[in-house]
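Tertiary structure, described
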Amino acid sequence: VKKDGEDAVTFEAKGDESKGSLEVKSADGTARFGSGSAAKLPDWLPAYPGVEAEGSFEAHTKDGDTGGFHFLTKDTPNKVIGFYQEGLERAGFTVTTNIAQQGGQATGGMAAGEDSNKKRSAYINVVVVEEGTRVNVAFSTRP
């Protein structure tokens, strides 16, 4: 897309049978959306073992970086939330968690973490579905 004869916004799409992505670039930053691959994780956010992201997004601007992805696991909500809680606390975050239950069984939950200077944050939401536990992870880092 051009403005005053100059590239204002560019779009780039890539893909094959198993994955694809769309990248949008402008003077304000870059955004990438994809399937079959995860957003590049910051070094402070642990990667959940044994899973493959089913979709992702990431954005990089002067105001910071954001990203997210989702995946499916056979692990329980308690195990997933516990993994992220432990990893974020190890990175120096204050973490709040909540597990929802129905009939004595965990049906979902969340973990929210933020570092002391409020420049890094992560939000993890889980819900039990027929296939297992659906996990959505979002994160941000500000300068």
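So, a few notes on the structure that sits alongside this text. Since the structure is predicted, the reported quantities are computational estimates derived from the model, not experimental observations. (Residues numbered from 1 in each chain as written. Predicted model: local features only at pLDDT ≥ 70, side-chain atom pairs only at ≥ 80, totals over all residues. Heavy atoms only, no water.)

Considerations on the overall build of the chain
- Helix and strand counts for the chain come out as one helix and eleven strands.
- What you see in the chain, going N to C, is helices and strands ordered as β-β-β-β-β-β-β-α-β-β-β-β.
- Structurally, the chain occupies a C-alpha span of about 65 × 40 × 25 Å along its principal axes.
- Residues classed as buried in the chain amount to 31% of the 143 residues present.
- Of the roughly 8700 Å² of accessible surface on the chain, 50% is carried by carbon and sulfur atoms. (Helix = DSSP H or I, 4+ residues; strand = E, 2+ residues; numbered from the N terminus. Buried < 20%, exposed > 50% of the residue type's maximum accessible area, 1.4 Å probe, protein only. Areas by Shrake-Rupley, 256 points an atom, 1.4 Å probe, with all protein chains shown as cover.)

Remarks on the side chain of Ser121
- Mapped onto the fold, Ser121 is located in strand β10 (residues 120–129).
- Judged by relative accessible area, Ser121 falls into the buried class, the value being 3%.
- At 2.8 Å, the side chain of Ser121 forms a polar contact with the side chain of Ser140.
- Setting aside anything within four residues of it in sequence, one finds Ser121 in contact with Trp44, Phe93, Gly113, Glu114, Ala138, Phe139, Ser140 and Arg142. (Polar contact = N/O pair within 3.5 Å; in protein donor to acceptor, adjacent residues only side chain to side chain. Contact = heavy atoms within 4.5 Å.)

Thoughts on the nonpolar core
- Core analysis: the biggest nonpolar cluster contains 19 residues, and Leu45, Tyr84, Leu88, Ile124 and Val137 have the highest contact counts within it.
- Contributions of two or more residues to this core are made by β7 (64–73), α1 (77–90), β10 and β11 (132–141).
- Here the element with the most residues in this core is α1; it accounts for four residues.
- Those residues in contact with Leu45 that lie beyond four places of it in its chain are Tyr84, Leu88, Ala122, Val137 and Phe139. (Core = buried A, V, L, I, M, F, W, Y, C linked by side-chain atoms within 4.5 Å.)

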